[in-house]
Amino acid sequence: VAVEFDVANMTYNNKTYDFSTQSTQPEGGGWGNNGTVFFMCTYAFNRMYSYTASTAYDISTLTYDNKYITISSPYSAPCDVIISADGTKFWGTGRDDVIVGEFVMSTAFDLSTASYNNSSLDMSAQLDGNARTISFGDNGTKLYATGFSASFANSKVVQYNLSTAYDLSTATYSGNSINVPSPP
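Below is a summary of the structure that appears in this document. (Residues numbered from 1 in each chain as written. Predicted model: local features only at pLDDT ≥ 70, side-chain atom pairs only at ≥ 80, totals over all residues. Heavy atoms only, no water.)

We now examine the pattern of salt bridges. As enumerated under the stated definition, the model contains six salt bridges in all. One salt bridge connects Glu27 with Arg95, and the closest N-O pair in it is separated by 2.7 Å. Pair noted here: Glu27 is in strand β1 (residues 26-32) and Arg95 is in the loop between β6 (89-94) and β7 (99-105), with a separation of 68 residues, a long-range link. Given a relative accessible area of 27%, Glu27 falls into the partly exposed group. The shortest N-O distance in the salt bridge between Lys142 and Asp138 comes to 3.8 Å. Taken together, the shared-partner salt bridges connect Glu27, Arg95 and Arg132 into one network. (Salt bridge = Lys/Arg side-chain N within 4 Å of Asp/Glu carboxyl O. Helix = DSSP H or I, 4+ residues; strand = E, 2+ residues; numbered from the N terminus. Buried < 20%, exposed > 50% of the residue type's maximum accessible area, 1.4 Å probe, protein only.)

Looking now at the sheet that holds strand β8 (residues 114-122). Strand order across the open sheet formed by four strands is β5-β6-β7-β8, with antiparallel pairing between neighbours. Every interior strand has two partners, whereas the edge strands, β5 (78-83) and β8, have only one. Looking at each pair of strands side by side, their axes are set apart by 25 degrees on average, direction ignored. The sheet contact formed by β7 and β8 spans seven bridges and is antiparallel. Bridge pairing in β8 places Phe103 opposite Tyr116. (Pairing = 2+ DSSP bridges. Axes fitted to C-alpha atoms, helices over the stretch in contact; angles between N-to-C directions.)

Here it is as structure tokens:
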């Protein structure tokens, strides 16, 4: 990218990874451990898979770790994930639900040691169809989520404030949202 964060100046770098051995329906993913760990979310089988990159943030150098987790609670059909900096937690959302859930990993960045932490945020009052992406801001004191209505007509971005950083139990809806018009 010639100008930082300017999508108008982006170019395709011809780097790919074929996820089809694990799933033909990848939805999204997240990087951890300074770009050497990648978790891929997949609609198929409600799974999230773990990969290692030999070159940081280079998808073409991924190797499947033979590790995955099946997620059925508090959401299903994983579609996005955020991995904590220390690798002991991740937050995810599912394509068929309007919930963000927190998971813990007893071994840092090891998806096979993950379990649901009984901490979640129900966003159904703000996103009336399903959630698609999540992102933390302001050092974990803000959470942004995107989603759309059941009719796919109304896409929006919503913001939550967290009084304790990264703690979903302290999240409250900020009242801030942006409607995103459907493409013509």
